[in-house]
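These are the residues of each chain, in order.
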Amino acid sequence: MSRPSDHIDSAPPHVDPDVVQPKLGPLGWLRWFWRQLTSMRTALFLLLLLAVAAVPGSLVPQRTADPNGVIQYFTDNPQLAPVLDKLQFFDVYTSAWFSAIYLLLFASLIGCIIPRTKHHFIAMRAKPPKTPVRLTRMAGFQARILPSELRADAPEPIAEAREILRKARYRTAIYEDGRSVSVSAERGYLRESGNLVFHIALLGVLVAIGVGGGFGYTGQKVVVEGQSFVNSLPSYNSFNPGRFFSDAALAPFSIRVDKLDVSYETKNKNAVGAPLDYTAHVKTTGPGDASSSTTIKVNEPLAIGGTNVYLLGNGYAPTVTVRDPSGKVVFSDSVPFLAEDARLTSLGWIKIPDGLKDQVGMRGFFYPTVGDSQTASGALTSTFPGLNDPLLSLNVYVGDLGVDSGVPQSVYSLNTDKLKQVAGPPTTTKALQIKLGQTVELPNGLGTISLDNVKRYVSLDVHHDPAQGWVLAFAVLIFAGLLTALFVPRRRIWVKAVENQDGSLTLEYAGLARGEDPNLIAAVSAIAEEHATSLTRQQKN
């Protein structure tokens, strides 16, 4: 049934024309914004938002941790990668939007903690609140009668109750009101103290992470067996300093990789070739010129010079020697190849700018254990990651390598724009295939190339964080404060003695919890029972 056209649900609000609502000026809006920012609800929301903002850092490689992974991501996703780069997804933890959330959370926590700390300090120094008039409304209420004929021999009830509560670590205060005397007791301030410790420690973690990120650094270095790494800027393959990094933070030390031991699964047919263990045997020197031999494992980093050195990866570095037609050595080195699959089929590049009649570049595939069969495209495959039957296959290019242009080049790529391919598909000349110890002729009479040895290499990640000890300390405080805030009950208990007309006393007991406290009623009963027992025991004595 429809309502009449002139029906209204309620009368319009009355507006007094003489009342003028105040308008918020710039200072008023600033105060309003600060109150919103420093509320606990906002702090929790920002904390959740910070966790969500960190998710992209685990979905795409980061320049600070995996620069080669970023390069590979651009190669695999040429259209998506530039968009993500503009959104700073490859530098999540130093991006403008992540830093904004971080700083807002920092300000919000400070705004929450300071007034709460002040209020908690005042509350801890104040006396417990006055006893309510009607304890019957409180939790666990019970009453007991102390007859007048027993009062003379019994101790003063409220004084005895106060002593019992003090032994139970309650803060107490005596209140008198006409015919009644009561003791008000309170405990559980440690709960709020734990809560404050939790938030202060959380703020400390944020500060420590910021300081560590600003003054620390991370660097990556590929080291072949038998070679050394020195902790200096030119030695790193990639280096990511903090905003306030100084060269003085680089402690003088060196690491020599003597050997890399690798073990693979060989018994389980369903997991043949799966890695079981990586152990790098190294010799360290410094600081202080102290030398020692030690090992680095995947989950056991090396601590040296205020840094942690992690073993991130490994691979093969074939040792090749190139000679000109007269037999003169023009190139001899162990070249790290990047693993392409779990069987360590590896890809690498060899560049020879001088010594031959043409500049030569080679794109190579290394197979630790070459298989008998080939893929559908005709490519060789590796059947096992161990070095059982190594083979090096090379596609050869001649021309201008671009090394004289002055533009830095990556050792893990080969620009073929100004090069002509002379061996390997799709040319009519087959790719060079070299077994360990073999020597083969280079195309066009350029000379010869031999595979003399195959060494292992390790990828080391050097991480320096001057605040990591503080982060650990604050993390422990966060855990301790959280446990205290969760398991320490905040409660009040009252014991009141009311004078009756016949000379007897009515002893009333009750409590009140601040928050959930399932043991409150039991605590009140325990205090009442102990109080009655104490009065009776002393009375008998």
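Residues numbered from 1 in each chain as written. Predicted model: local features only at pLDDT ≥ 70, side-chain atom pairs only at ≥ 80, totals over all residues. Heavy atoms only, no water.

Visitor: Lay out the sheet that holds strand β24 (residues 505-513) with the relevant residues and their values.
Guide: Through backbone hydrogen bonds, the strands of a sheet pair up, either in parallel or in antiparallel fashion. Read from one edge to the other, the open sheet built from five strands follows the order β1-β24-β23-β3-β2, with strand pairing classed as antiparallel. Looking at strand neighbours, the two that pair on one side only are β1 (139-146) and β2 (171-177), the edges of this open sheet. Ignoring strand direction, the axes of neighbouring strands in this sheet form an average angle of 15 degrees. As judged from the six bridges shared by β1 and β24, these two strands associate in the antiparallel manner. (Pairing = 2+ DSSP bridges. Helix = DSSP H or I, 4+ residues; strand = E, 2+ residues; numbered from the N terminus. Axes fitted to C-alpha atoms, helices over the stretch in contact; angles between N-to-C directions.)

Visitor: Break down the packing of aromatic side chains for me, with residues and values.
Guide: Under the defined criterion, the tally for this structure stands at 14 aromatic pairs. Three or more aromatic residues joined by ring pairs make a cluster, and in this case those are Y217, F229, Y236, F239 and F245. Between R187 and the ring centre of Y170, over which it is positioned, the NZ or CZ distance is 5.2 Å. For R490, the ring lying beneath its charged end belongs to Y189, and the centroid distance is 4.1 Å. (Phe/Tyr/Trp six-rings, centres within 6.5 Å; stacked < 30°, edge-to-face > 60°. Lys NZ or Arg CZ within 6 Å of the ring centre and 35° of its normal.)

Visitor: Just give me the short version of a nonpolar patch on the surface, but keep the residues and values in it.
Guide: Among the surface-exposed residues, L24, W29, W32, F33 and L104 lie close enough to one another that they form a single nonpolar patch of about 530 Å² accessible area. With three residues, the top contributor of residues to the nonpolar patch is helix α1 (residues 26-37). Residue position: L104 is located in helix α6 (residues 96-125). (Patch = residues over 30% accessible without salt bridge, like charges linked within 9 Å, V, L, I, M, F, W, Y side chains within 5 Å. Areas by Shrake-Rupley, 256 points an atom, 1.4 Å probe, with all protein chains shown as cover. Salt bridge = Lys/Arg side-chain N within 4 Å of Asp/Glu carboxyl O.)

Visitor: Could you give me a rundown of the nonpolar core, with the residues and numbers involved?
Guide: With 29 residues, the main nonpolar core has M362 and I449 as its most contacted residues. Of all the elements in the fold, those that place two or more residues in this core are β11 (307-323), β14 (346-352), β15 (359-367), β18 (391-399), β19 (419-423), β20 (432-435) and β22 (448-464). It is β18 that contributes the most residues to this core, four residues altogether. With 22 residues, the next largest nonpolar core counts I113, L202, A208 and F474 among its residues. (Core = buried A, V, L, I, M, F, W, Y, C linked by side-chain atoms within 4.5 Å. Buried < 20%, exposed > 50% of the residue type's maximum accessible area, 1.4 Å probe, protein only.)

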